[in-house]
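If you want the building blocks of each chain, they are given just below.
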Amino acid sequence: MNMGKEVQLRPKVNVSSYIHFLLNYRNKFKEQQPNSYLGFKEFSRKCSEKWRSISKHEKAKYEALAKLDKARYQEEMMNFVGKRKKRRKRDPQAPRRPPSSFILFCKEHYAQLKRENPNWSVVQVAKATGKMWAAATDVEKQPYEQKAALLRAKYQEELEAYRKQRNARKKSLRMARNQRRGKRVRQELMDQLEKNKMAFTCPACLL
């Protein structure tokens, strides 16, 4: 019997009415035009235009979905007990880890989502782009994955150079520490020899 504690996953953050509309619009677009390709930037532009053109009655359906999603998220967060991980202290000289293809995607679409949802936090925008990323095709993800691969290769080169420099610094510090320790030991021996010499010297010989 497994007596271990079950890991509680953090609830998925709620998304806005626009994101619900975007995901629905994308599914309909794929169903109606399965063989056509539309870049994500072009699709986002068309989706934004379509959102502005639909009626208030049509928007109300997505606003209702957003309210239900928000209520779901708030309820799940009330029951969520998470643990904070202790962050390791980062060496300021170490190269920064490169962003993933998803992070590159988020950065590119952050401004548009912020315009559509000005009250959103950074976390909420990231969660919303996560849904957009999940809905993207492999072809649409490819430019971000290629750029991420180039950044990873550059990071590995910088990391190797950093590790060599770090090892050289450690070796230099270790040698300096050993030298100081050796000097201290030699000085202690000299002091002890001097004390022994003084203790065994005949007082008459000093006259």
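In what follows, the structure referred to is the one given above.
Rules used in this analysis
- Residues numbered from 1 in each chain as written.
- Predicted model: local features only at pLDDT ≥ 70, side-chain atom pairs only at ≥ 80, totals over all residues.
- Heavy atoms only, no water.
- Patch = residues over 30% accessible without salt bridge, like charges linked within 9 Å, V, L, I, M, F, W, Y side chains within 5 Å.
- Areas by Shrake-Rupley, 256 points an atom, 1.4 Å probe, with all protein chains shown as cover.
- Salt bridge = Lys/Arg side-chain N within 4 Å of Asp/Glu carboxyl O.
- Lys, Arg positive; Asp, Glu negative; His and termini not counted.
- Charge placed at Lys NZ, Arg CZ, Asp CG, Glu CD.
- Helix = DSSP H or I, 4+ residues; strand = E, 2+ residues; numbered from the N terminus.
- Buried < 20%, exposed > 50% of the residue type's maximum accessible area, 1.4 Å probe, protein only.
- Phe/Tyr/Trp six-rings, centres within 6.5 Å; stacked < 30°, edge-to-face > 60°.
- Lys NZ or Arg CZ within 6 Å of the ring centre and 35° of its normal.
- 1 Å grid on protein atoms, 1.4 Å probe; cavity = no way out; pocket = protein on both sides within 12 Å on 5 of 7 lines; lining within 4 Å.
- Points joined across faces, edges and corners; volume = space filled by probe spheres on them.
- Nonpolar A, V, L, I, M, F, W, Y, C, P; charged D, E, K, R; others polar.
- Expected span 1.5 Å × (residues − 1).
- Contact = heavy atoms within 4.5 Å.
- Axes fitted to C-alpha atoms, helices over the stretch in contact; angles between N-to-C directions.
- Parallel < 35°, antiparallel > 145°, perpendicular 65-115°, else oblique.
- Polar contact = N/O pair within 3.5 Å; in protein donor to acceptor, adjacent residues only side chain to side chain.

Draft legend 1. Looking closely at a positive patch on the surface. Among the surface-exposed residues, K170, K171, R174, R177, R180, R181 and R184 lie close enough to one another that they form a single positively charged patch. Mapping R181 onto the fold places it in helix α6 (residues 138-200). Under the relative-accessibility criterion, R181 is labelled partly exposed at 38%.

Draft legend 2. Structural view of the packing of aromatic side chains. Under the defined criterion, the tally for this structure stands at nine aromatic pairs. Taking the centre distance of 6.3 Å and the plane angle of 65 degrees together, the rings of W51 and Y62 count as edge-to-face. Remark: Y62 occurs in helix α3 (residues 56-78) and W51 occurs in helix α2 (residues 40-53); sequence separation between them is eleven residues. The class of Y62 is buried, set by a relative accessible area of 7%. Arranged with centres 6.1 Å apart and planes meeting at 75 degrees, the rings of W133 and Y144 form a pair that is edge-to-face. Here Y144 lies in helix α6 and W133 lies in helix α5 (residues 122-135), a separation of eleven residues in the sequence. An aromatic cluster is present here, built from Y18, F21, Y25, W51 and Y62 joined pairwise through their rings. Against the face of W51 rests K59, its NZ or CZ located 5.0 Å from the ring centre.

Draft legend 3. Fine view of the layout of surface pockets. The volume enclosed by the largest pocket comes to roughly 490 Å³. Lining the largest pocket are 14 residues, and of these R90, A94, P95, R97 and Y155 lie nearest its centre. Residues that form the lining of the largest pocket fall into these classes: five nonpolar, no polar and nine charged. Residue lining of the second largest pocket: 14 residues in total, with V15, S16, S17, A66 and W120 positioned closest to the centre. Those elements giving two or more residues to the lining of the second largest pocket turn out to be α1 (17-32) and α3. Among the elements that make up the lining of the second largest pocket, the one with the highest residue count is α3 (four residues). Of the residues belonging to the lining of the second largest pocket, the class tally is five nonpolar, five polar and four charged.

Draft legend 4. Geometry of α3. Across its 23 residues, α3 extends 32 Å between first and last C-alpha, which sits within 8% of the 33 Å expected from 1.5 Å per residue. Looking at α3, one finds that the buried residues are Y62, A66, D69 and Y73. In this fold, the buried residues of α3 make contact with α1 and α2.

Draft legend 5. Structural context of the packing of α2 against helix α4 (residues 101-116). Packing of α2 against α4 brings their axes to within 12 Å, and their N-to-C directions diverge by 10 degrees. One element, α2, and the other, α4, form an angle in the roughly parallel class. Between α2 and α4, the residues in contact are F40, K41, S44, S48, W51 and R52 and F105, E108, H109, Q112 and E116, respectively. Of the residues assigned to the contact of α2 with α4, the class counts are three nonpolar, four polar and four charged.

Draft legend 6. Quick look at the side chain of E140. Residue position: E140 is located in helix α6. For E140, a relative accessible area of 9% corresponds to the buried category. Within the local environment of E140, its side chain forms a polar contact with the backbone nitrogen of T137, the two atoms lying 2.9 Å apart.

Draft legend 7. Highlighting the environment of L23. Tracing the sequence through the fold places L23 in helix α1. Measuring from C-alpha to C-alpha, the distance between L23 and A134 comes to 10.0 Å, with 111 residues separating the pair along the chain. Excluding anything up to four places from it in sequence, L23 contacts K131, M132 and A135.

Draft legend 8. Representation of the packing of α1 against α5 within the structure. At a closest axis distance of 10 Å, the pairing of α1 and α5 adopts a crossing angle of 5 degrees. The orientation of α1 with respect to α5, classified from their angle, is roughly parallel. Along its contact with α1, which presents I19, L22, L23, R26 and K30, the element α5 presents A128, K131, M132 and A135. Partitioning the contact of α1 with α5 into residue classes produces six nonpolar, no polar and three charged.

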